[in-house]
Structures are given as C-alpha cells and as structure tokens.
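Take a look at the letters that make up each chain.
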Amino acid sequence: MKNAPSAALFIRVESFFADYLQRARGASIHTVRAYRDALKLFFEFVATNKGCSVSAIDLGDMNAATVSRFLLHLETDRSNSVATRNCRRTAIRSFFKHLLRTDIVHSQQYAGALAIPAKKARHQPATYLEADEVRAILATPNTKTIRGHRDYALLLFLYNTGARVSEAAGLCWNDLQLASPRQVRLHGKGRKDRLLPLWRETADALRRLGTIDHPDTQPHVFLNRHGEALSRDGIAYILRRHVQAAARELPALAHKRVTPHVLRHSCAVGLLQSGNALPVIRDYLGHASIATTGRYIETNLQMKRDALETFWRHAGIEPARARSWKPKPDLLAFLSSL
C-alpha cells in the first residue's frame, strides 16, 4: 500500500533529521536546531498559503515557486536580513537535496528549487567595541550580588575567549581548568574543539561563581534564576541590559547594536591590535578559513590610521615651502580696467 501524500513528506522529514543530518553527516545539535527552525517556518508558510494544516501539505507543495515565495516572505513580511534569508535557504536546500535522493519521481520539481541562487548581500564591516567601551560595560554589574557576579563573569568570559554565544551557553564546569595553566575547552561549530587560555581575572571570577551559584545537579556554568543553563536569548538580554547601563557614561554605546557576537568581534580586533598574526587569531576564534579572520583588518579603523601615518613617513613627502602669492598693484589696475 502506497503512503498517503502527507505521510510521504513526513517520512522524508524524519529521515532527513534522524538518518541524514545526525547519522550520516554527524551534524551538531546547533545545526540540527537551525535546520529545524528553518523548515518549521517553511512548512507553516506553505500551510498558511494553502489554507490547510501543516499535516495536510505534501510532496507536491515542495517546488521552486513555493520556495521563492517563502524567501520573499522572509524579507518583506518578517523583515529578515539578506544574510538570514540565505541561511534559511541553505537549510531548505539541504532538505531538497535529501528529497532528490529519496524521491526520483519528482526530481525535476526539486531541481528547480535547488537552482534558486543565494542573494547577494551588501558587505558591512563588523561592529566591534573599543577597550574603553568594554571596560565601561564590565563596570556595570554589581558583583556583590549573585546575579551581578554571574553577569560580570559571563561578560568577561565572552570578551576573553571570543566565544560564540552557543559555546558560552553550553559551557560546563568540566570544560574549565581554573588552576594554572588556566584554560577552557570550547566546543565549536562542526564539532571542532579548541583550547584557549584564560586571564587570571576571568578564572578568579569563574571560580567564585562556582562556589556561590552551582547546584550539584547542574553541570553548566552560566545559570538563570531557575538554576537552568542560560539560553542564547538570555545571554543576549544580560549583555543588552548592561550596555544600556554603560551608555549613561558612554553615550556612544547607545548608538551601537551590541550583541554577544559583537563581543566576539571585539576580542578579535583586540588580538589584532595587540600584534597577533592572523593564523593565531583564526585558531583562537575557531574560524574555518583565514579569509574570515582577515575581515577584521578592514574593520579596524585605528590600524588603517596607523598604516596611513607609516605610509606618509615612508613616502618622505614634505610640504612645499613656497611663499604665498600676492598680486602686484599693476595687475590689480589692469583687472580694474577691464
């Protein structure tokens, strides 16, 4: 007996996540969740436009026209950036490749969707904070309280390590070595781990956090008020709250959208300004390509200023010592006669 159309789609969705992403590719939980969220939005969009429930959509709805309308919907109705649109497209594209492998009958239909190109986005320099701005933010938590000390330890850890927000949210006590040599093991994208040194101040803040706010049943380092691991949104909220407080002293912060990833950029720029080579910074941040790390050079305006000053001195161009020109009386008389 053949599967019903909706059941045929559900079977492939299940095999995409269970068999392909997790077993065949060994994708991380972060990749699985990102793809899950993208497909959930896509299926809800298809159902809404079709006027039915999600359980009623089928393989026939999986086509290029539907995908194109969904991508447009992301930008126009949900106000997503081009970068977010392209990330959603990547997830849907991966699912359509799985459909192509498992349903040859509709191969032409799926191929049309796979041919939809990524949209070119305007290249924007990475936003980062200068050291004085980071210090102002770190000065706002009240470290005499449990929550305030947690916030301080979290923000200092993010700046020290340049950790992704998911890496900080998933940090466990067994990832830390707070005695000398002080270090942390971060679990990055693509199941790639990296070891990073910790400042003494960071290690001390984390050690104190472990003594005042660590239930024995919770392995995670950064916890919310319910004793559960902080979420990505929770970390972003904590940072945003302290940025707003710091903006009272540094009004320029009020005009910046400071996210946890901005602290990651700030760490990278700080490493660059300290004279570290790009390969070192690449490994520190866990970038797959040094080309990704290289963008911090174009971001850092101070390094451009220093480079321009060095260029000026090397060029040896001296200002001309010519005397200023003064018109002669007979010339003025001539002009007056015209």
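Just above sits the structure.
What you are looking at is a predicted structure, and each value in this text was computed from that prediction instead of being measured.

Concerning the pairing of strand E3 (residues 193-197)
A one-sided burial pattern is seen for E3, the buried positions being Arg-194 and Leu-196 and the unburied ones Asp-193, Leu-195 and Pro-197. With 5 bridges joining them, strand E2 (residues 183-187) and E3 adopt antiparallel strand pairing. When the bridges of E3 are listed, Val-184 appears paired with Leu-196. Between E2 and E3, which pair antiparallel one after the other, the connecting turn spans 5 residues, and Gly-190 there sits at a positive phi close to 65°.

Some words on the packing of aromatic side chains
Enumeration over the complete set of coordinates arrives at 13 aromatic pairs. Where Phe-42 meets Phe-70, the ring centres are 5.3 Å apart and the plane angle is 70°; that geometry is what we call edge-to-face. Here Phe-42, found in helix H2 (residues 29-50), pairs with Phe-70, found in helix H3 (residues 64-76); they are 28 residues apart in sequence, far enough to count as distant. For the pair Phe-42 and Phe-70, a shared accessibility class is recorded, and that class is buried. Summarising the aromatic geometry, the rings of Phe-96 and Tyr-110 are spaced 6.0 Å apart at their centres and angled 80° between planes, so their arrangement reads as edge-to-face. Highlighted residues: Phe-96 in helix H4 (residues 82-102) and Tyr-110 in helix H5 (residues 107-114), separated in sequence by 14 residues. You can call Phe-96 buried: its relative accessible area is 1%. Among the aromatic residues, those joined into a ring-pair cluster are Phe-16, Phe-17, Tyr-20, Tyr-35, Phe-42, Phe-43, Phe-45, Phe-70, Phe-95, Phe-96 and Tyr-110. Positioned above the aromatic ring of Tyr-20 is the side chain of Arg-101, whose terminal nitrogen or guanidinium carbon lies 4.4 Å from the ring centre.

So, how was this worked out
Residues numbered from 1 in each chain as written. Predicted model: local features only at pLDDT ≥ 70, side-chain atom pairs only at ≥ 80, totals over all residues. Heavy atoms only, no water. Buried < 20%, exposed > 50% of the residue type's maximum accessible area, 1.4 Å probe, protein only. Helix = DSSP H or I, 4+ residues; strand = E, 2+ residues; numbered from the N terminus. Pairing = 2+ DSSP bridges. Phe/Tyr/Trp six-rings, centres within 6.5 Å; stacked < 30°, edge-to-face > 60°. Lys NZ or Arg CZ within 6 Å of the ring centre and 35° of its normal.

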